[in-house]
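Each chain is listed here by its residues.
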Amino acid sequence: MKGTYTVTMGAHGHIEVPESVRERAGLHEGATLVMLETSNGIVLLTRDQLLERVRRELEGLDLVGDLLTERRTAGEHEAA
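Participant: Give me the overall build of the protein: which residues, what numbers.
Facilitator: Scanning the protein from N- to C-terminus turns up three helices and two strands. Listing every helix and strand of the protein by position from the N terminus yields α-β-β-α-α. Pairs at least 24 residues apart make up 3% of the contacts formed inside the protein by residues separated by at least 6 positions. Here the protein displays about 7400 Å² of accessible surface, and carbon together with sulfur accounts for 52% of that area.

What follows is the structure, encoded as structure tokens:
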């Protein structure tokens, strides 16, 4: 994290991202940002930042294996 910034919400909920942040993040007018409402507060991310965050959180998980195990168990209960 490069710093902490205070921004003010304007008309229609608009906020202005400080110029130094826009430059470092490569943001331009019309850029799409994703706002996450988390238990720790609001997080504003670019799509690439969100993708990286999701990849980090899913790293090492075997979602397909977990789903197959769950389906097999459900099938066994239905057959019984």
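Participant: With reference to specific residues and values, describe the layout of surface pockets.
Facilitator: Empty space within the second largest pocket amounts to approximately 180 Å³. The wall of the second largest pocket is formed by M9, I15, M35, I42, V43 and L44. For the lining of the second largest pocket, the leading source of residues is strand 2 (residues 41–46), giving three residues. Along the lines of polarity and charge, the residues of the lining of the second largest pocket split into six nonpolar, no polar and no charged.

Participant: Help me get a handle on unusual backbone geometry, residues and values and all.
Facilitator: Unusually for a residue other than glycine, H12 sits at a positive phi of about 60 degrees. Topologically, H12 is positioned in the segment before helix 1 (19–25). Under the relative-accessibility criterion, H12 is labelled exposed at 79%.

The rules behind these values
- Residues numbered from 1 in each chain as written.
- Predicted model: local features only at pLDDT ≥ 70, side-chain atom pairs only at ≥ 80, totals over all residues.
- Heavy atoms only, no water.
- Helix = DSSP H or I, 4+ residues; strand = E, 2+ residues; numbered from the N terminus.
- Contact = heavy atoms within 4.5 Å.
- Areas by Shrake-Rupley, 256 points an atom, 1.4 Å probe, with all protein chains shown as cover.
- 1 Å grid on protein atoms, 1.4 Å probe; cavity = no way out; pocket = protein on both sides within 12 Å on 5 of 7 lines; lining within 4 Å.
- Points joined across faces, edges and corners; volume = space filled by probe spheres on them.
- Nonpolar A, V, L, I, M, F, W, Y, C, P; charged D, E, K, R; others polar.
- Buried < 20%, exposed > 50% of the residue type's maximum accessible area, 1.4 Å probe, protein only.

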